[in-house]
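# Reading the structure
Here are the chains, one letter per residue:
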Amino acid sequence: MASPLIRAILPLMLTLFLGASSSVWPLAPAAAFQLPPCQLINQTVSLEKEGCPKCHPVETTICSGHCITKDPVIKIPFSNVYQHVCTYRDFYYKTFELPDCPPGVDPTVTYPVALSCHCGRCAMDTSDCTFESLQPDLCMNDIPFYY
């Protein structure tokens, strides 16, 4: 039979050697620092289209928040390490007609509306996967262009 001291120390030693475990440590690192989890949030986004003079703000739901990631201590050459990001699980596209578009310019634009989110690999076709992205309510028409 194992002594109570060994039963108490063994999980701690395994955790130190193998990495933090949620069964030993009840709080994940994100919860310890009060980072918001990956979740749906309401967000104002600016819709614009080339040829139309103005942006139009709309309310939609997007995925935002923290996903737990790990950086391996031992790096293996030619191996890929994928960091998970907060991204869409289920979504649909909504269509909107921009006002004030000149004749000959199709005023319809589509944008994704998130229904649910998860932590996963970044899908370039539906998400902005850059390190520092533009804000969703940024309007390119409002940025001065210098020739």
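Computed from a predicted model, the values in this text were never measured in an experiment. (Residues numbered from 1 in each chain as written. Predicted model: local features only at pLDDT ≥ 70, side-chain atom pairs only at ≥ 80, totals over all residues. Heavy atoms only, no water.)

## Thoughts on unusual backbone geometry
- Here the phi dihedral of Asp100 falls at roughly 70°; this positive angle occurs in a residue that is not glycine.
- By the secondary structure assignment, Asp100 is in the loop between strand E3 (85–97) and strand E4 (108–120). (Helix = DSSP H or I, 4+ residues; strand = E, 2+ residues; numbered from the N terminus.)

## Things to note about the nonpolar core
- Ranked by size, the top nonpolar core spans nine residues in total: Val45, Leu47, Cys52, Val58, Leu98, Cys101, Val109, Tyr111 and Val113.
- It is E4 that contributes the most residues to this core, three residues altogether.
- Sequence-distant contacts of Leu98, that is, excluding residues within four places in its chain, are made with Leu47, Glu48, Lys49, Cys52, His56, Pro107 and Val109. (Core = buried A, V, L, I, M, F, W, Y, C linked by side-chain atoms within 4.5 Å. Buried < 20%, exposed > 50% of the residue type's maximum accessible area, 1.4 Å probe, protein only. Contact = heavy atoms within 4.5 Å.)

## Some points on the state of the cysteines
- Summed over all chains, the structure comprises four disulfides.
- Paired through a disulfide, Cys52 and Cys101 show a sulfur-sulfur distance of 1.9 Å. Disulfide Cys52-Cys101: the torsion about the S-S bond is 110°, which places it as right-handed. Here Cys52 is found in the loop between strand E1 (39–47) and strand E2 (56–64), whereas its partner Cys101 is found in the loop between E3 and E4, with 49 residues between them in sequence. Neither Cys52 nor Cys101 differs from the other in exposure class; each is buried.
- The disulfide partner of Cys67 is Cys119, and the S-S distance across this bridge is 2.1 Å. Across the disulfide from Cys67 to Cys119, rotation about the S-S bond amounts to roughly -85°, and the bridge is consequently left-handed. With a gap of 52 residues between them, Cys67 in the loop between E2 and E3 and Cys119 in strand E4 connect regions that are remote in the sequence.
- When its relative accessible area of 34% is taken as the criterion, Cys119 is described as partly exposed. (Disulfide = S-S within 2.5 Å.)

## Considering the confidence of the model for the protein
- Confidence in the prediction for the protein averages 75 pLDDT; 63% of positions are at 70 or higher.
- Confidence, read as mean pLDDT per element, is least for helix H1 (residues 4–18) in the protein (50) and greatest for E4 (93).
- In the predicted structure, residues 12–25 sits below a pLDDT of 50 and forms eight contacts with residues beyond four places in sequence or in another chain. (pLDDT = per-residue confidence, 0-100.)

## Comments concerning the side chain of Thr61
- Along the chain, Thr61 turns up in strand E2.
- From its side chain, Thr61 meets the backbone oxygen of Ala114 in a polar contact 2.6 Å long.
- If we ignore the near neighbours within four places in the chain, the residues touching Thr61 are Leu40, Ile41, Asn42, Pro112, Val113 and Ala114. (Polar contact = N/O pair within 3.5 Å; in protein donor to acceptor, adjacent residues only side chain to side chain.)

## Digging into a nonpolar patch on the surface
- Taken together, Val73, Ile74 and Ile76 make up a surface patch of nonpolar side chains, about 390 Å² in accessible area.
- Position of Ile76 relative to the elements: it lies in the loop between E2 and E3. (Patch = residues over 30% accessible without salt bridge, like charges linked within 9 Å, V, L, I, M, F, W, Y side chains within 5 Å. Areas by Shrake-Rupley, 256 points an atom, 1.4 Å probe, with all protein chains shown as cover. Salt bridge = Lys/Arg side-chain N within 4 Å of Asp/Glu carboxyl O.)

## Topic: the environment of Val58
- Examined against the element boundaries, Val58 turns out to sit in strand E2.
- Residues Val58 and Gln43, 15 residues apart in the sequence, show an inter-C-alpha distance of 8.3 Å.
- Apart from residues no more than four positions distant in its own chain, Val58 is found in contact with Gln43, Thr44, Val45, Leu47, Phe96 and Tyr111.

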